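Notes for the structure review
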Amino acid sequence: MNFEYSETQRMVAESARDFAEQYIRPHVSEWDASQTFPVEVLKKAGELGFMGVLVPVALGGSGMGYHEYIAIIEEISKVDPAIGLSVAAHNSLCTNHILMFGDDAQKERWIPKLASAEWIGAWGLTEHNTGSDAGGMNTTARRDGDHWVLNGAKNFITHGISGDIAVVVVRTGKKGDSRGMTAFVVEKGTPGFSSGKKEDKLGMRASETAELIFDDCRIPDANRLGPVGEGFIQSMKVLDGGRISIGALSLGVAKGAFEAALKYSKERVQFGKPISAFQGISFKLADMATEIEAAELLVHKAGFLKNAGKPVTQLSAMSKMYASEMCVRVANEAVQIHGGYGYTREFPVEKFYRDAKLCTIGEGTTEIQKVVISKNLLK
């Protein structure tokens, strides 16, 4: 066991930290207030190799593993979780789905553009009436010769408007059948493919979330990822990695909030001494730091298993569940330590508090993680 980053991993983390400080921090409040999705910043992240972290070098990626990936998401999310979320969704959902299940021609066609961020990726599983119940989806694909015709809509899709390409999972069989869904790649500009309403969100406001709409959208069979009927099964495997991403995102939120609270507690003076000198505050900090440490070990253990090609479903669900709930608790305490100032936009903890909650919902709610974990325990 080795709990230290390698020299390369430290350099990757420092590079991500420098990127976040230079290109993200000056604009965090502005993007949050206006719900601006800064596509140009993701393009810059692509230049630095952050948008194809897990992609082999031969396909234009960075060729790195999950420890480096966790470090990148964490460092970006310490500054702005919304940008961390967008980087994670692009890497672990859209790009990774094609990387895992596309054939060689499909990978060569799409992966280099995604790895460089020439194209921004979206991934569509959720629908308006089928959140956790993905098997009940209503969006369909009907075969018509060498083509498929898609009809329906996807909801809560990261990069639903600005994305250049989307991997979508739609129904090709009976509703509720886990082998009745198939994955397809749809490029922006395809007739019948459009964006719908952009969501006005509590947090993660600089990460664009919108509908994808399919109205007799006709795509060639060459855009199908893997066998017909395998889309849902593929999605569950993609989400194993995606949940590690949310664990890393949660770590970034928690560390950002904790560092702000620690700094404030040393500067804020009450009754003639810094509030960090009071046990009521110092014990909060002790609890926060311990929970962050525990979550970090869990997330990196899941990353270790993923790198090793070992089964990771249970541990990725555990890491996502624990880290996401942890970051909500830490953000809550960070606001409490700031007192009234924590409730204002003058200090960063207010935004971490709003951003944190999505981590317990996206890519499977806490309740769904418990379903996944208990099923694996009871096999």
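Data block above holds the structure.
In this text, all values refer to a predicted model and were calculated from it rather than measured experimentally.

Some points on the overall build of the protein
The number of helices and strands found in the protein is 11 helices and 10 strands. Its C-alpha radius of gyration of 21 Å places the protein within 12% of the 21 Å reference for a compact globule of 379 residues. Dimensions along the principal axes, computed over C-alpha positions, put the protein at roughly 80 × 45 × 40 Å. Residue burial in the protein is summarised as follows: out of 379 residues, 55% are buried. For the protein, the accessible surface area stands at approximately 16200 Å², while carbon and sulfur atoms represent 54% of it. Averaging the positions of the 43 positive and the 46 negative side-chain charges in the protein gives two centres separated by 4 Å.

A closer look at the pairing of strand β3 (residues 147-158)
Sheet topology places strand β2 (residues 140-144) next to β3; five bridges connect them, and they run antiparallel. Bridge assignment links D144 to a residue of β3, and that residue is H147. Here β2 hands over to β3 after two residues, with G145 in that stretch at a positive phi of 65 degrees. As judged from the nine bridges shared by β3 and strand β7 (residues 209-220), these two strands associate in the antiparallel manner. Pairing of G152 across the sheet is with F214, part of β7.

A word on the state of the cysteines
Where two cysteines share a covalent bond between their sulfur atoms, that bond is called a disulfide. Counted according to the given criterion, the structure contains zero disulfides. C217 provides the cysteine sulfur closest to C94, a residue in no disulfide bond, and the two sulfurs are 15 Å apart. Assessed through its relative accessible area of 0%, C94 is described here as buried.

Quick look at the environment of Q279
Take Q279: it is sitting in helix α8 (residues 279-307). When the C-alpha atoms of Q279 and V312 are compared, they prove to be 40 Å apart, with 33 residues separating the residues in sequence.

Details of the nonpolar core
Within the largest apolar cluster, 66 residues are counted, with the highest numbers of intra-cluster contacts made by I24, I83, M288, V330 and I337. Among the nonpolar cores identified, the runner-up in size contains 27 residues, and L125, V169, V185 and L239 belong to it.

Section: the packing of helix α4 (residues 66-79) against helix α7 (residues 231-267)
Running from N to C, α4 and α7 point in directions that differ by 40 degrees, and their axes come no closer than 7 Å. Considering the angle they form, α4 stands oblique to α7. Judged by the twist between their axes, the crossing of α4 over α7 is right-handed. Of the residues in α7, those in contact with Y66, Y69, I70, I73, E74, S77 and K78 of α4 are G241, I244, S245, A248, L249, L251, G252, V253, K255, G256 and E259. Here the contact of α4 with α7 is composed, by residue class, of nine nonpolar, five polar and four charged.

What about a nonpolar patch on the surface?
Nonpolar side chains collect at one region of the surface, where M1, F3 and L297 lie side by side and expose about 460 Å² of accessible area between them. Structurally, F3 is set in the segment before α1 (7-24).

Let's talk about the side chain of T130
For T130, the location among the structural elements is in the loop between β1 (121-124) and β2. Overall, the relative accessible area of 4% leaves T130 in the buried class. The contact partners of T130, leaving out residues within four places of it in the chain, are G136 and M137.

Parameters and conventions
Residues numbered from 1 in each chain as written. Predicted model: local features only at pLDDT ≥ 70, side-chain atom pairs only at ≥ 80, totals over all residues. Heavy atoms only, no water. Helix = DSSP H or I, 4+ residues; strand = E, 2+ residues; numbered from the N terminus. Rg over C-alpha atoms; globule rule 2.2 N^0.38 Å. Buried < 20%, exposed > 50% of the residue type's maximum accessible area, 1.4 Å probe, protein only. Areas by Shrake-Rupley, 256 points an atom, 1.4 Å probe, with all protein chains shown as cover. Lys, Arg positive; Asp, Glu negative; His and termini not counted. Charge placed at Lys NZ, Arg CZ, Asp CG, Glu CD. Pairing = 2+ DSSP bridges. Disulfide = S-S within 2.5 Å. Core = buried A, V, L, I, M, F, W, Y, C linked by side-chain atoms within 4.5 Å. Axes fitted to C-alpha atoms, helices over the stretch in contact; angles between N-to-C directions. Parallel < 35°, antiparallel > 145°, perpendicular 65-115°, else oblique. Left-handed = near helix turned anticlockwise from the far one by under 90°. Contact = heavy atoms within 4.5 Å. Nonpolar A, V, L, I, M, F, W, Y, C, P; charged D, E, K, R; others polar. Patch = residues over 30% accessible without salt bridge, like charges linked within 9 Å, V, L, I, M, F, W, Y side chains within 5 Å. Salt bridge = Lys/Arg side-chain N within 4 Å of Asp/Glu carboxyl O.

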